[in-house]
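# Coordinate inspection notes
If you want the building blocks of each chain, they are given just below.
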Amino acid sequence: MKTSTLTAFSSVERGPAIAGLMIAVFLLLFLIVPVGQVIFVAFQDPNTGAFTLINFADFFGNSLFVESFFNSFYVASMSVIVASIIAMPLAYFTTRFNFSGALLIQTLGIIPLIMPPFVGAVAMQLLFGSNGSINLLLEEHLGFTIPFMEGLNGVILVESVHYFPFILINLSAALNNIDRAMEESAQNLGAHGTRLFRRIVFPLAMPGYVAGAALVFIKVFDDLGTPLLLNINNMLAPQAYLRISSIGIADPMGYVISVILVGFSLLSLWISLLALKDKDYATVQKGGGGLMRRDLRTWEKVGCYGVVILILLLVLSPHIGLTLLSFGTVWSFAVIPDGFTFDHYTTVFDTASQYITNTLLYAGIAALLDVVLATSIAYIVWRTKLVGRKWLDYGATAALAVPGVVLGIGYLRTYHSFDVPIINEPLASWWVIIVIAMTIRRLPYALRACVAAIQQVSVMLEEAAENLGATKGRTVWRIVVPLMSGGILAGFVTSFATASVELSATIMLVAKDSDAPLAFGIYEFMQSTSGRGPGAALGIIAVLFVGIGTYFSHVIIERSKKLRESNSIVAEGGTT
Amino acid sequence: MKRAHVLGAAAIVLSAASIPAYALSGKLTIVTSYPTDTTATFEKAFEKKYPGVDVEMLKKKTTAGIKYLQETSDNNQADMFWASAPDAFEVLKGDDLLAKYDVKVGGIPEKVGSFPINDPEGYYKGFAASGYGIMWNERYLKAKKLPPPMEWADLKKPIYHGHSGMSAPSRSGTTHLTVETVLQGMGWKDGWAEWKEIAGNFKTVTERSFGVPDGVNSGSFGAGIVIDFFGLSSQASGFPVGFNYPKVTTLVPANIAIVKNAPNAEAAAAFIEFILSTEGQELLLDPKIRRLPVNPATYAKAPKDFPNPFKDKTIGAAVKFDLALSKGRYNVINSLFDVMITYRLDELRGAVKAIQDAEAKLAGNNNADAAKLIAEARALVNEVPVTEAQASESDFNNIFKKKRKKATTKVTGRQAEIESEWDSMVVANYAKAKELADKAASML
């Protein structure tokens, strides 16, 4: 939509300026204003409406809230550590050795991301809970149990298993981008083994690791569904949700918690940016070679496979548990279900297909909007000299620091009494608001992919096109966008896959069952005895849908990459 | 004989009152706390009967549903409110958010147990009866060698430490009713003491009422406090679970009402008539729903061993539930329970466990000092920060009400401030109680 408006302009800066203005208005309406509302209420006296800090005093004076704060902090930090322990060996093995399991790791390692973490929580409770399969077996054969899922442990385990791919992806990319010359020089100077790793490889891979770790920290700090499903109340996000949903939208504490969530996320984002700032490692180093790969000796191979299989079993355990649940009849205090059936899938196809269509529609629109917005922002920031263009980038990226709950509360607060013309319904309860929430929440992902893509397109190609008489709009449409297609597609896939499992914001915004997306549908199903099986079946269907979608777009990206490598880059620009 | 009479009368009235499926149309929006199994079954049957109507279910927890109707009252989009807890309907009625309606369909008696089925003022109608009780997992109890708990008092026993669970009244309307029933049945002080001793054994306080049957079904914990249909429907789904009504329980109607200024009041009325008709009442017996119908005639179609409150007069007769009392302190009870139990479960459990251990050591011993310390510890645990009279004061309650009817309604104090005070007291008490109990144990 916006790209087409871009093409229509002949004047050099007018098109981008109008597009930029539209994006700015969109961000203002659906990110800045709602979040501002939330912040505003936090500083308001609930009785008089005057400005006050008393709500914050109440927050820090209440030992429960302070405890929740520390619990959230503890869980987020521990999840980063556990996720690192899971991700590091996988990243290292695949980049360092000629290891035939690499493809397996790269494929299976991403799958946890495409399942809502709370669904994983249900499955992991069944496997690792105090009376789950593992502990029942342990108790029977060895006479002891391990409290994997007791209290905060459960949240940490579920979150680490869900979010470790962020570290895996970023760390692998960083390791692959290390210039081989660095390693060779170090070896020439006598560094080997752990010293080489500690002094050369690890520091060089650090920015990638920090980027991933910060993302994990923020995501865990904000996550709502997992603690809720594990009945953990003493954390910040659940406290905010519980205050709003059981005391009311006017209770100031929910807003104070939201402000603290946003502040903390911004802080960690800023720290990670600082860490990345001096090390321009990402896309410029293309063709740097990566680490030297070597072959493994037989016993090393056995060891590697052992570790990898163990880790994969752990990270895929939610899927294993969910599969068992979706085919199981009665599963009660037993290692596996009593019997197996296809009934749950039949139920889902009979009664719940609207969740699937809704999700495809919502996540599809959201991802499409995301790449349009992201491409426009990337172009404006890197190809124009518009005043304040950097702020578009900052604004869109800031969405990363806004927890879904906060965005949800903000929308409710801002758009509750705003009726959409013609349909005469409050905007806050119209299904479009869910799409907008998804768009805003996933825009940072698409933006990073598109920015990376535009940085790889040489300005010379555009200048050449313009010299040959193409207008600015035509150049964008025929040269820039096609050359960015790989990045745009990658952005679309990431946005789509993660938007389709979104729950934090949607749980606040779904007003009608018929408007509900998949994650919400699963959550609803999981609330009744006979719904657990169908809920699990719906979860498996979701994983398959998103998984297949991700796989195909991956194939397309790879193919276009190969195509580009074989043709000369200019020739490709001309033919597409 | 009496039963046959009722049956006959019901049949006549019903056949006379069956409504013609005249052309109703439009959207019917129902705010409900019920799970998909229940709502989907009724939605399907109703839409089949009135093809012109599109039923839209808006799922909210009872407490969130109340908030939702309160928040949106100036621009109401909902036609009906459909939930279990009558006290929730009382709150809505008190806020003038419900519309009166006269039911046409017959065959529904005045009372179930000692509770009137319909609101005497005509705002909301009972469509099913619900009692609160204890459900347990047979396999779990067998593995841990525990007997099934039959009464509330059983759940206080040390053998059940870490084996039971419940939801919180602030999250679940039905749980609120259970808490209130025990408080009314045993009195303010003894009632709270009962809850704390029961809660001291909890493994978890679940976020939603369904968390309890879910935990019992999957065997996360052995026993839970639930509304009857959770237990009965789990049984019907084949889970190895049992259910029992304790003596101090109240059988109350689950209700439905038309919201004031409903956009489609005509269809809403048809829905009420439908749910109370023979056809609608029989839907309640569906294995996935399993609620007690309010039409006594329907029990003829119920499976064997299905509890029948119109025949078995012991169910829910012990407590006469006072709705006005419950309504007057609704939010205070929620907040008290959360501060004393939900959010301080670890501390409470620690104190109760220490007391239980000390008492176990004391058994058979004759140590007056230790016994005195234990009694002190128990008193500390059971202390409630507000008196019964204060809990019902309307000024005090206003602090916990966020939406005031008039801007002039005077409020002193903030909820967060008061809760923080309670919290400090409760935490200090639990710590002190644990200390005293440990000291008592060390003397034995």
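Residues numbered from 1 in each chain as written. Chains lettered and ligands numbered in written order. Predicted model: local features only at pLDDT ≥ 70, side-chain atom pairs only at ≥ 80, totals over all residues.

### A closer look at the overall build of chain B
We apply this condition: Strands are runs of DSSP state E lasting at least 2 residues, helices are runs of H or I lasting at least 4, and numbering of each runs from the N terminus. For the exposure call, what matters is how many other C-beta atoms sit within 10 Å of a residue's own: 20 or more marks it buried, 12 or fewer exposed, and in between partly exposed, using C-beta atoms placed from the backbone. Residue pairs qualify as contacts under a 7 Å threshold applied to their C-beta atoms, which are placed from the backbone.
A tally of helices and strands in chain B yields 18 helices and 14 strands. Across its three principal directions, the C-alpha atoms of chain B cover 80 × 55 × 35 Å. Buried positions account for 56% of the 444 residues belonging to chain B. The long-range share in chain B, meaning contacts at least 24 apart out of those at least 6 apart in sequence, stands at 80%.

### A closer look at the overall build of chain A
Helix and strand counts for chain A stand at 26 helices and 2 strands. When the 576 residues of chain A are sorted by exposure, 51% land in the buried category. For chain A, restricting intrachain contacts to residue pairs at least 6 apart in sequence, the fraction spanning at least 24 positions comes to 78%.

### With respect to the domain arrangement of chain B
Residues and elements named next belong to chain B. To be explicit about the condition: Throughout the structure description, domain borders are defined by an automatic or database domain assignment.
Here chain B is partitioned into domain 1 (2-130 + 254-301) and domain 2 (132-249 + 324-443). Domain 1 and domain 2 are separated by 32 Å when their C-alpha centres are compared. If you look at the interface, domain 1 gives 20 residues, while domain 2 gives 21 residues. For the side of domain 1 that touches domain 2, the secondary structure elements donating two or more residues are α3 (62-71) and α4 (86-94). For the side of domain 1 that touches domain 2, the element with the highest residue contribution is α4, accounting for 5 residues.

### Notes on unusual backbone geometry
Despite not being glycine, N231 of chain A has its phi angle at roughly 60°, a positive value. Checked against the element boundaries, N231 of chain A lands in the loop between α11 (225-229) and α12 (236-247).

### A few points about the pairing of strand β7 (residues 124-130) of chain B
All names here are of chain B. Defined as follows: Paired strands are those between which DSSP finds at least two bridges.
Of all 7 residues that make up β7, 7 are buried, and the element is covered over most of its length. The pairing of β7 with strand β13 (residues 252-259) spans 6 bridges and is classified as antiparallel. By the bridge assignment, A128 is partnered in β13 with A254. Examined bridge by bridge, β7 and strand β14 (residues 292-293) share 2 bridges and lie antiparallel to one another. Looking at the pairing, A129 lines up with L292 of β14.

### Observations concerning the sheet that holds strand β11 (residues 223-227) of chain B
All names here are of chain B. Using the following cut-off: Angular values range over 0 to 180 degrees, each being the angle between N-to-C directions of two axes fitted as lines to C-alpha atoms, with helices fitted over their stretch in contact.
The strand order across the open sheet formed by 5 strands is β10-β9-β11-β8-β12, and the pairing between neighbours is mixed. Of all the strands in the sheet, just β10 (202-206) and β12 (241-244) have a single pairing partner and so form its edges. Neighbour-to-neighbour, the strand axes of this sheet turn through a mean angle of 25°, independent of strand direction. In this structure, strand β9 (residues 164-167) lies alongside β11, joined through 2 bridges in parallel fashion.

### With respect to the interface of chain B and chain A
Operational definition: Lys, Arg, Asp and Glu make up the charged group, whereas Ala, Val, Leu, Ile, Met, Phe, Trp, Tyr, Cys and Pro make up the nonpolar group; the residues left over, Gly among them, are polar.
The interface of chain B with chain A comprises 51 residues on the first partner and 43 residues on the second. Those elements that place two or more of their residues in the side of chain B that touches chain A are α2 (36-49), β2 (53-59), α3, α5 (138-143), β10, α8 (211-218), α9 (228-236) and α18 (415-443) of chain B. In terms of residues, the side of chain B that touches chain A owes the most to one element, α18 of chain B, which gives 7 residues. Across the side of chain B that touches chain A, the residue classes break down as 16 nonpolar, 19 polar and 16 charged.

### Considerations on the environment of S84 of chain A
All names here are of chain A. Within the fold, S84 resides in helix α4 (residues 63-96). The spacing of S84 and F166 is 82 residues in sequence and 9.8 Å in space, taken between C-alpha atoms. In this structure S84 touches I167 and A213, once residues within four positions along its chain are discounted.

### Observations concerning the domain arrangement of chain A
Residues and elements named next belong to chain A. Looking at chain A, the domain boundaries give domain 1 (1-52 + 353-576) and domain 2 (55-341). In this assembly, 39 residues from domain 1 lie in contact with 38 residues from domain 2. If you list the elements that add at least two residues to the side of domain 1 that touches domain 2, you get α2 (14-42), α19 (404-415), α20 (431-456), α24 (518-525) and α25 (532-566). Broken down by element, the side of domain 1 that touches domain 2 gets its largest block of residues, 10 residues, from α25. Looking at the side of domain 1 that touches domain 2, its residues break down into 27 nonpolar, 10 polar and 2 charged.

### Thoughts on the packing of α19 of chain A against α20 of chain A
All names here are of chain A. Condition: The scheme is simple: roughly parallel for angles under 35 degrees, roughly antiparallel for over 145, roughly perpendicular for 65 to 115, oblique for anything else. When the near helix sits turned anticlockwise from the far one by under a right angle, the crossing is termed left-handed; a clockwise turn instead gives a right-handed crossing.
The N-to-C vectors of α19 and α20 enclose an angle of 140°; their axes lie 11 Å apart at closest approach. In terms of orientation, α19 lies oblique with respect to α20. Regarding α19 and α20, the two cross each other, and that crossing is right-handed. On α20, the residues that touch G404, L407, G408, Y411 and Y415 of α19 are I433, A437, I440 and R441. Residues belonging to the contact of α19 with α20 are distributed by class as follows: 6 nonpolar, 2 polar and 1 charged.

### Some points on the confidence of the model for chain A
Residues and elements named next belong to chain A. Going by this rule: Predictor confidence is given residue by residue as pLDDT, running from a minimum of 0 to a maximum of 100.
Looking at chain A, the pLDDT average stands at 80 and 89% of residues meet or exceed 70. Helix α26 (residues 569-575) is the least confidently modelled element of chain A, averaging 41 in pLDDT, while helix α15 (residues 317-327) averages 91, the highest of any element. Scored below 50 in pLDDT, residues 280-288 shows 14 contacts in the model against residues more than four places distant or in partner chains. For residues 568-576, every residue scores under 50 in pLDDT, and the model assigns this stretch 9 contacts once sequence neighbours within four places are set aside.

### Overview of the confidence of the model for chain B
Residue and element names in this part refer to chain B. Scored by pLDDT, chain B comes out at a mean of 85, with 92% of its residues at no less than 70. Scored below 50 in pLDDT, residues 6-20 shows 21 contacts in the model against residues more than four places distant or in partner chains. Low pLDDT (under 50) marks residues 403-410, which in the prediction has 6 contacts with non-local residues, meaning those over four places away or in another chain. Model confidence for the complex is summarised by a pTM of 0.79, with the ipTM given as 0.74.

### Points about the environment of N429 of chain B
Here N429 of chain B is to be found in helix α18. Separated by 12 residues in sequence, N429 of chain B and A441 of chain B have C-alpha atoms that sit 18 Å apart.

### Observations concerning the pairing of β13 of chain B
Residue and element names in this part refer to chain B. The element β13 is largely enclosed, with a buried count of 8 among its 8 residues. In this sheet, β13 lies alongside strand β3 (residues 80-83) in antiparallel orientation, the contact comprising 4 bridges. What sits directly across from W82, in β13, is I256. Sheet analysis places strand β4 (residues 98-99) next to β13, joined by 2 bridges and oriented antiparallel. Considered in β13, the bridge of A99 is made with I258.

### Some points on the environment of I377 of chain A
Residue and element names in this part refer to chain A. Inspection of the secondary structure assignment puts I377 in helix α17 (residues 353-383). Separated by 15 residues in the primary sequence, I377 and L392 place their C-alpha atoms 6.6 Å from one another. Ignoring anything within four residues of it in the chain, the contact list for I377 reads I23, L392, D393, A396 and L447.

### Side note on the nonpolar core
Nonpolar side chains in soluble globular proteins generally cluster together in the buried interior. Condition: As used here, a nonpolar core is made of buried Ala, Val, Leu, Ile, Met, Phe, Trp, Tyr and Cys residues. They are joined through C-beta atoms within 7 Å.
Within the largest apolar cluster, 307 residues are counted, with the highest numbers of intra-cluster contacts made by C450 of chain A together with M80 of chain B. Ranked by residues supplied to this core, first place goes to α20 of chain A with 16 residues. Those residues in contact with C450 of chain A that sit more than four places away from it in its chain are V371, A374, T375, A378, M484, G487, I488 and G491 of chain A.

### A closer look at the packing of α17 of chain A against helix α22 (residues 472-499) of chain A
Residue and element names in this part refer to chain A. At a minimum axis distance of 8 Å, the contact between α17 and α22 shows a crossing angle of 135°. As far as their axial angle goes, α22 and α17 are oblique. Crossing handedness for the pair α17 and α22: right-handed. Here α17 contributes A363, G364, A366, A367, D370, V371, A374, T375 and Y379 to the contact with α22, which in turn contributes V476, V480, V481, M484, I488, G491, F492, S495, F496 and A499. For the contact of α17 with α22, a count of residues per class yields 14 nonpolar, 4 polar and 1 charged.

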